[in-house]
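# Coordinate inspection notes
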Amino acid sequence: MTLTDEHISGLRAMFPALSREINGKPAVFFDGPAGTQVPQSVIDAISSYLASSNANHGGLFATSRVSDEILEQAHRDAAWMLGAKDAFCVAFGANMTSLTFSLSRALARTWKPGDEIVVTRLEHDANFTPWALAARDAGATIRMVDIHPEDCTLDLDDFRSKINENTKLVAVGCASNAVGTINPVKEICGWAREVGALSFLDAVHYAPHALIDVADWGCDFLACSAYKFFGPHVGILYGRQELLESIQPYKLRPAPDDLPGRWMTGTQNHECIAGTLAAIEYLTEIGFDLEVDHMLPRRDALQTAFKAVGDYERELVGRLIAGLQETKGVKIYGITDPSRFDERLPTLSFTRPSLSSREIARRLGEQGIFVWHGNYYALPLTETLGVESDGMVRVGIVHYNTADEVDRLLEALREILA
């Protein structure tokens, strides 16, 4: 099944933010990698929770019971989305960064001098610095995996050579939030398993574009953020049951010691967890509608939705890359070969030496086209590419964007860069 213009028009109508205008022109939201817009159903779920079931966890009264039911369903749906077998292996938190810091502190208690932690130069700093700081505190060593600068892909030979009997953790992103590169995480998790090391995947940028599958990938931990896949500001952590039960987290004494509560520090953002549930339901409905079958298993519906989303987004990023390649003086970072588009997501960054990324983003913003400038916290990558401190211009496409918006961006860029 494919997403037609009619499908996209119907989906766009669900997002109130897309009706915004800047200087009389419709706003174009290419800022998705920093946080996507949300459908009305997510807004309604948050407000409905606050209006009718706002209560803390575990109370013996009506609103608390309803609240707990909503939260339990959110755990189940999040498990379906991640491909996890058990809902109690999914914990919510403030964001991916906070959850990663919490897990890194707990894991570091098991490390010692001589142990090694493997990270890469393609990471968002949230999947770099928490491990670097934890390793420093434990006296462990950080091993850095290099990239191929010409297409911003991981040097897999270097990666394999960095993993050995001293490796305790391998941390890698499913996809780059700066240049869109998709990493072979199933293979990498297998390398970690061979030496008895744990694997941690950052799926934040991957989640709005493709279906996560923790069981197939064989990862030990995975984290993502709902506000990157059309939901509110909530982080999600998956871990294998035996690890979540055996590793001792930093937590309060009265806090539960069973799953998932032992990894959910303090009172959670219940209303936004309700919104996360609605975001997952929104994605699931895309699959149901494409198959015209609401009896389809929910995981199968998500698979259908993400297959259609991926096909549609690849068309748009191909259109964008082709247009940028015809724009004089622009340098694109990442994979540009159409035959390799299955190795990338619809996110790319570029520079123009004669104009700063900040100035390009500012001028586009004046025309109602929203893009990001700088390093977007992908500091290990921008340092390696030598584009600090100006960074790059980042364009992030998601399924509510259109070919007309891509063309409008290209036309505006040509005027600005002329």
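Above this note sits the structure.
Residues numbered from 1 in each chain as written. Predicted model: local features only at pLDDT ≥ 70, side-chain atom pairs only at ≥ 80, totals over all residues. Heavy atoms only, no water.

## Focus: the sheet that holds strand E6 (residues 141–145)
Condition: A pair of strands is treated as paired once DSSP finds two or more bridges between them. Runs of H or I in DSSP of at least four residues are treated as helices and runs of E of at least two as strands, each being numbered from the N terminus. A fitted line through C-alpha atoms represents every axis, and for helices the fit uses only the stretch in contact; the resulting angles, taken between N-to-C directions, go from 0 to 180 degrees.
Taken together, the seven strands give an open sheet; going across it, the order is E4-E12-E11-E10-E9-E5-E6, and neighbouring strands pair in mixed fashion. Looking at strand neighbours, the two that pair on one side only are strand E4 (90–93) and E6, the edges of this open sheet. Sheet twist, expressed as the average angle between the axes of neighbouring strands with direction ignored, equals 20 degrees. When strand E9 (residues 167–173) meets strand E10 (residues 198–202), the two strands line up parallel, connected through five bridges. The residue of E10 that forms the bridge with Val 172 is Leu 201.

## Some details on the environment of Ala 192
Put simply, the rule is: Relative accessibility under 20% of the residue-type maximum defines a buried residue, over 50% an exposed one, and the middle range a partly exposed one, all with a 1.4 Å probe and only protein chains included. Here, residues are in contact when the closest pair of their heavy atoms is within 4.5 Å.
Examined against the element boundaries, Ala 192 turns out to sit in helix H7 (residues 185–194). Since its relative accessible area comes to 1%, Ala 192 is described here as buried. Placed 28 residues apart in sequence, Ala 192 and Asn 164 show a C-alpha to C-alpha distance of 8.5 Å. In contact with Ala 192, other than residues within four places in its own chain, are Ile 163, Val 170, Ala 197, Leu 198 and Ser 199.

## A word on the packing of helix H2 (residues 40–52) against helix H10 (residues 270–291)
Just so we agree on the cut-off: Handedness of a helix crossing follows the sense of rotation of the near helix relative to the far helix, less than a right angle counterclockwise being left-handed and clockwise being right-handed.
Where H2 contacts H10, the two axes come as close as 8 Å, and the packing angle between them is 150 degrees. At the point where H2 passes H10, the crossing takes the right-handed sense. Taken together, the residues of H10 that come into contact with H2 (itself represented by Ser 41, Val 42, Ala 45, Ile 46, Tyr 49 and Leu 50) are His 270, Glu 271, Cys 272, Ala 274, Gly 275, Ala 278, Ala 279 and Tyr 282.

## Some words on the pattern of salt bridges
Where we set the bar: Salt bridge, as used here: a side-chain nitrogen of Lys or Arg that lies within 4 Å of a carboxyl oxygen of Asp or Glu.
In this structure the tally under the stated criterion is 22 salt bridges. A salt bridge links Arg 136 to Asp 137; its shortest N-O distance comes to 3.2 Å. Judged by relative accessible area, Arg 136 falls into the exposed class, the value being 58%. Residue Lys 251 is joined to Asp 257 by a salt bridge in which the shortest nitrogen-to-oxygen separation is 4.0 Å. Because the salt bridges share partners, they merge into one network encompassing Glu 359, Arg 362, Arg 363 and Glu 366.

## Overview of the pairing of strand E5 (residues 116–120)
Which entries qualify depends on this criterion: The path from the first strand over the helix to the second decides the hand: if it runs clockwise while the strands point away from the viewer, the crossover is right-handed.
The buried fraction of E5 amounts to five of the five residues, a majority that puts the element mostly inside the structure. Burial of the side chains of E5 extends over both faces: Glu 116, Val 118 and Thr 120 are buried on one face and Ile 117 and Val 119 on the other. As defined by bridge partners, E5 adjoins E6 across five bridges and the pair is classed as parallel. Across the sheet, Val 118 pairs through a bridge with Arg 143, a residue of E6. Taken together, E5, helix H5 (residues 129–138) and E6 form a β-α-β motif whose crossover is right-handed. As defined by bridge partners, E5 adjoins E9 across three bridges and the pair is classed as parallel. Residue pairing across strands places Ile 117 opposite Leu 169, the latter belonging to E9.

## Points about the packing of aromatic side chains
For clarity, the cut-off: Here a Phe, Tyr or Trp ring, Trp counted by its six-membered ring, pairs with any other such ring whose centre lies within 6.5 Å, and the pair is stacked when the planes are under 30 degrees apart, edge-to-face when over 60, and tilted otherwise. When the NZ atom of lysine or the CZ atom of arginine is within 6 Å of a ring's centre and also within 35 degrees of its normal, the charge is said to sit over that ring.
Applying the stated criterion across every chain yields a total of nine aromatic pairs. Between Phe 29 and Phe 370, the aromatic rings sit 5.1 Å apart at their centres with planes inclined by 85 degrees, giving edge-to-face as the arrangement. Here Phe 29 is found in strand E3 (residues 28–29), whereas its partner Phe 370 is found in strand E15 (residues 369–370), with 341 residues between them in sequence. For Phe 29, a relative accessible area of 5% puts it in the buried group. Taken together, the ring pairs in this structure connect Phe 15, Phe 230, Tyr 282 and Tyr 400 into an aromatic cluster. Across the ring face of Tyr 250, the terminal group of Arg 105 is positioned such that the distance to the ring centre comes to 4.0 Å. Across the ring face of Tyr 250, the terminal group of Arg 109 is positioned such that the distance to the ring centre comes to 4.8 Å.

Functional significance is not addressed by these values, which are geometric in nature.
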